Every structure is written in structure tokens, then in C-alpha cells.
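Examination of the molecular architecture
The primary structure of each chain is shown beneath.
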Amino acid sequence: MIASVLPTYARAPLNFVSGQGSWLTEADGRRFLDLGAGIAVNALGHAHPALVAALTEQAQKLWHVSNLYQIPQQQTLADKLVAATFADTVFFTNSGTESCELAVKMARKYWFDQGAPQRTEIITLNGSFHGRSSAGIAAAGSEKMTKGFGPLLPGFVHIDWADHDAIQTAITENTAAILIEPVQGEGGIRPIPTQCLMGLRKLCDDHGILLIFDEVQCGMGRTGKLFAHEWSGITPDIMMVAKGIGGGFPLGAVLATETAASGMTAGTHGSTYGGNPLACAVGNAVMDIVNTPEFLDQVNARAGTFRQGLQSLVDTNPDIFECQRGLGLMIGLKCRIPNTDLVSACYKQDLLTVPAGDNVLRLLPPLNIDETDIRTAIDRLDAAAKSLTP
Ligand SMILES: *Cc1c(COP(=O)(O)O)cnc(C)c1O
């Protein structure tokens, strides 16, 4: 008999009842150190006082009105995002998947309005992840996600990771956009080298193509900049955001330049919940904390401590780990044994990690994880590794 919850997840038998900072408490009382942060969502850890206050204050006043009316919290958050980034305009969604839907629609509408309706093709990278909608799975293109769900949304061209020549060759008169994650998340924490990002921007400029970044996982301070592409000095035309932006409350966004967004006039897109007062109240609180030089400096410092500890972990457990990689607090440990064995061994050490593609163990701690918890994390990873060492 099918489970009452649709069984699309192979869930661990862990039942968390409360959280505080980087820690989660299981129903049996065990305290787990959380290096998954709800898959890069709990950017400020669990039960951050400023976020709890923002949510509860808003909850007393107004939950939802729909986008038929002004939503001041949404306006404020959009202004902050525009001030902090390349973007001129923002649309709020509830998830990364919805952000992907709009990014694809926006790029196609742009070319339609430019009098080039044949320009519908979007070039994406193998190993990418852009959500589970029809557009999202067609964009990522891996058989694991698409098999059985055809016919797929047409118009996506898949290129091997960081194969600049292949991207160049894939560009035709039908190309609308290139869509990439500046740091691939699900694919195994693979940062696109700065030179490649710069090359992509130039390629897009030369051919008048839109550049779309999916910063759903790598954005909102995760890499030590507000958005990961800032490390390369170039900017996209459209950017998808979600996960960390709501700090645990469902919130996403699409940011765009005025030009890229020019086709999205009244009636061309919408969302019932997107940018509602509750989500935006929390989003504003997250933004006010994360988007400060002090906070981002601290992310970089903590990342430095973490990465130093992980390097000795890798060096002292050569049978288990091949290398570490990533950017800021978006960290991957490439494993020599099945990564899921390590995830399970970490559970036994009361430590939460997340598997990723390319046999990587993914570490996405809260951005405000403290130095003591980082040391604890490394000790527990070491114990998990030792427990698996032949
Ligand atoms: C998680 C993720 C998505 C999908 O976001 P959802 O909120 O799960 O819909 C899209 N792109 C990237 C890079 C992601 O990591």
C-alpha cells in the first residue's frame, strides 16, 4: 500500500522537533549538528531571533492579500535587492523551481518582443539542477529527472560542464539564453572558474544572448559574496534566487535588468503567493543581516577556518576523501567510497550532511556557524571517516 505521503523521497528515520542555531534536536533527545541547513535554506541557522521576530510580528498583522494590491514588505525587499545587485527589477516566487519557470519565460518573451520569436533555445550544462517543473527538468536534462515524464519542454541544448568550445558551437540564430549555476550544487559543488564566467559573458555580449544565472543554491551569502557571480566581476541579465533568501520561509525571486525584463508587462506572469507579506517580512530580515560587509567578511573567515580543517581531514583520511572543493561555505568533499555511506556514518556521529552528484559529500552549514561548531563538525567528520576506514 502506498504511503500516505507520496514516497518520492527515501527519507532517513530522523524526526527533528526543534532547532537552535546550527543544531537540531531529534525526538529522542539527540542533538545533531546541521551541515545541511535544509539544503542551503536555513542561511542563519534555526530559530534566529531576528527572523522569528519578523515572522511573528507580521503574523499578528497580515498574512496574505494577493498581488492585486500593494505589498510594502515586497516593495522594500525588491528595493534592497535592486540596490545590492546588477538588477533593476525583481519578481518574487515561492521556490527555485518557480524562479526557473519565470527566467525561461522572460528570456523567450524578450526575443519575441525583439521581433526574433525563433530565438527560444536555452543552452544549459550537463550535471546542472534547475528544479523539478517541466521547464526545470528539461533545462537540466539528466535522464534521472526526465525519464518517463515526456514529452519534455523543447528548446534546451545541453553542453558538457565548462566546455567553452562546445558552448560556442551550440550557439545558433535560435539561441535565446545561456543558463548556468555559477557553482553547481546538486551536480557536486563545482564552481565555474572565473575565466569561464567571463568568457560566457563575452560570448553572450558578442551574440546578443541573455545570460541567466541560477543562484538558488550558491546565492544569498553562501559563497562569501551576496551572490556567487560577484567573485568574477561579471553580471548576468537574469538571475534565479530562492533557498537562503527566505532563511527557511518559502521565498524565491527572479532578478533582471530592465532590458531583459522588458517583455514582462502586466498580465504576462503572476503568482498567488509570491512575495506575500509573511515571506517578505522574513526576507527583509535575512537581507538586512546577510547583506552587510561584516556578515560577509565573517562568512569568508568561517569558510577559511572550515576549509583549513577539512584539508587536514582529507589529508589524514586518504582512503575516504579525494579532495575538497567549493566556494565559501558551499563545500564539497569528493569521496573515494560511496558518498551515501558517509552520510549514514555521519548520522551515527549526530551530524547532518547532504549527498551530491559526482560522489560528493555536501556541506552547507548555516552561514553564521561559529568556530566551536566548525571544530565539532570536523571532529565528527573525522570520526565518521575513521568508522569507514578499512
Ligand atoms: C534547489 C535548487 C532549485 C530548485 O529550487 P526549489 O526551491 O526546490 O524549487 C533550482 N536550482 C538550484 C541551483 C537549486 O539548488
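Residues numbered from 1 in each chain as written. Predicted model: local features only at pLDDT ≥ 70, side-chain atom pairs only at ≥ 80, totals over all residues. Heavy atoms only, no water.

As for unusual backbone geometry
Quick note on the threshold: Per the convention used, a helix needs a DSSP run of H or I reaching at least four residues, while a strand needs a run of E reaching at least two, with both numbered from the N terminus. Summary of the burial criterion: residues with accessible area below 20% of their type's maximum are buried, those above 50% are exposed, and those between are partly exposed, where the area comes from a 1.4 Å probe applied to protein chains only.
In this structure, proline 151 follows glycine 150 across a cis peptide bond, with omega equal to -5°. Mapped onto the fold, proline 151 is located in the loop between α6 (143–146) and β6 (156–159). Its identity as a non-glycine residue notwithstanding, alanine 37 has a phi of 50°, on the positive side. You can see alanine 37 is positioned in helix α1 (residues 37–40). Of note in this structure, aspartate 350 is not a glycine but carries a positive phi near 55°. Structurally, the position occupied by aspartate 350 is in the loop between α11 (339–348) and β15 (351–352). With a relative accessible area of 17%, aspartate 350 lands in the buried category.

Examining the packing of helix α2 (residues 49–61) against helix α9 (residues 277–290)
Condition: Whenever a helix is involved, its axis is fitted only over the stretch in contact; in every case the axis is a line through C-alpha atoms, and angles between N-to-C directions fall within 0 to 180 degrees. Relative orientations are named as follows: roughly parallel for angles under 35 degrees, roughly antiparallel for angles over 145 degrees, roughly perpendicular for angles from 65 to 115 degrees, and oblique for any other angle. Handedness of a crossing follows from how the near helix is turned relative to the far one, being left-handed for an anticlockwise turn of less than a right angle and right-handed for a clockwise one. Residues are treated as being in contact if the distance between any of their heavy atoms lies within 4.5 Å.
Interhelical geometry of α2 versus α9 gives an angle of 155° and a closest axis separation of 9 Å. With respect to their mutual orientation, α2 and α9 come out roughly antiparallel. Of the two elements, α2 crosses α9, and the hand of that crossing is right-handed. Facing Ala50, Leu51, Ala54, Leu55, Gln58 and Ala59 of α2, the residues of α9 in contact are Pro277, Leu278, Ala281, Val282, Ala285, Val286 and Ile289.

Overview of the site of the ligand
This is how the line gets drawn: One heavy atom within 4 Å of a molecule or strand makes the whole residue count as near it. Polar contact is the term for a pair of N or O atoms within 3.5 Å; when the atoms are in protein, one must be able to donate a hydrogen and the other to accept it, and sequence-neighboring residues count only if both atoms are side-chain atoms. The Shrake-Rupley method, run with a 1.4 Å probe sphere, supplies the accessible areas, and residue values consider only the shown protein chains as cover. Residues are grouped as follows: nonpolar covers Ala, Val, Leu, Ile, Met, Phe, Trp, Tyr, Cys and Pro; charged covers Asp, Glu, Lys and Arg; every other residue, Gly included, is treated as polar.
As a matter of local geometry, the ligand sits amid Ser95, Gly96, Thr97, Phe129, His130, Gly131, Glu181, Asp214, Val216, Gln217 and Lys243. At 3.2 Å from a nitrogen atom of the ligand is found a main-chain nitrogen or oxygen belonging to phenylalanine 129. Residue lysine 243 places a side-chain N or O atom 2.6 Å away from an oxygen atom belonging to the ligand. Relative to its free-state accessible area of 380 Å², the ligand is covered by the protein chains to the extent of 83%. Taken together, the residues that form the shell around the ligand break down as two nonpolar, six polar and three charged.

Overview of the environment of alanine 78
Within the secondary structure layout, alanine 78 lies in helix α3 (residues 72–84). Judged by its relative accessible area of 14%, alanine 78 falls in the buried class. When residues no more than four places from it in sequence are discounted, the contact partners of alanine 78 are Val90 and Phe92.

Some points on the nonpolar core
We apply this condition: We define the nonpolar core as a collection of buried residues of types Ala, Val, Leu, Ile, Met, Phe, Trp, Tyr and Cys that are connected through side-chain atoms lying within 4.5 Å of one another. Those domain boundaries reflect an automatic or database domain assignment.
Formed by 78 residues in total, the largest nonpolar core has its most connected members in Phe306 and Leu381. With eight residues, helix α10 (residues 293–316) is the largest single contributor of residues to this core. Among the domains, domain 1 (16–34 + 293–388) and domain 2 (50–290) are the pair contributing at least three residues each to this core. In this view, leucine 381 contacts Leu35, Leu310, Leu313, Leu333, Cys346, Leu351, Thr353, Leu361 and Leu363; residues no more than four positions away in its chain are not counted.

Some words on the sheet that holds strand β14 (residues 330–335)
Within a sheet, each strand pairs with its neighbour through backbone hydrogen bonds, oriented either parallel or antiparallel. Applied cut-off: Here a strand pair is declared whenever DSSP counts at least two bridges between the two strands.
Strand order in the open sheet formed by four strands is β13-β14-β17-β16, with antiparallel pairing between adjacent strands. Strand pairing shows two members of the sheet lacking a second neighbour, β13 (321–327) and β16 (354–356), which therefore form its edges. Going across the sheet, the axis of each strand differs from the next one's by a mean of 30°, ignoring polarity. As paired elements, β14 and strand β17 (residues 360–363) share four bridges and run antiparallel to each other. Residue pairing for β17: isoleucine 331 is matched across the bridge by leucine 363. Each of β13, β14 and β17 touches α10; the most contacted strand, β13, lies at about 165° to it.

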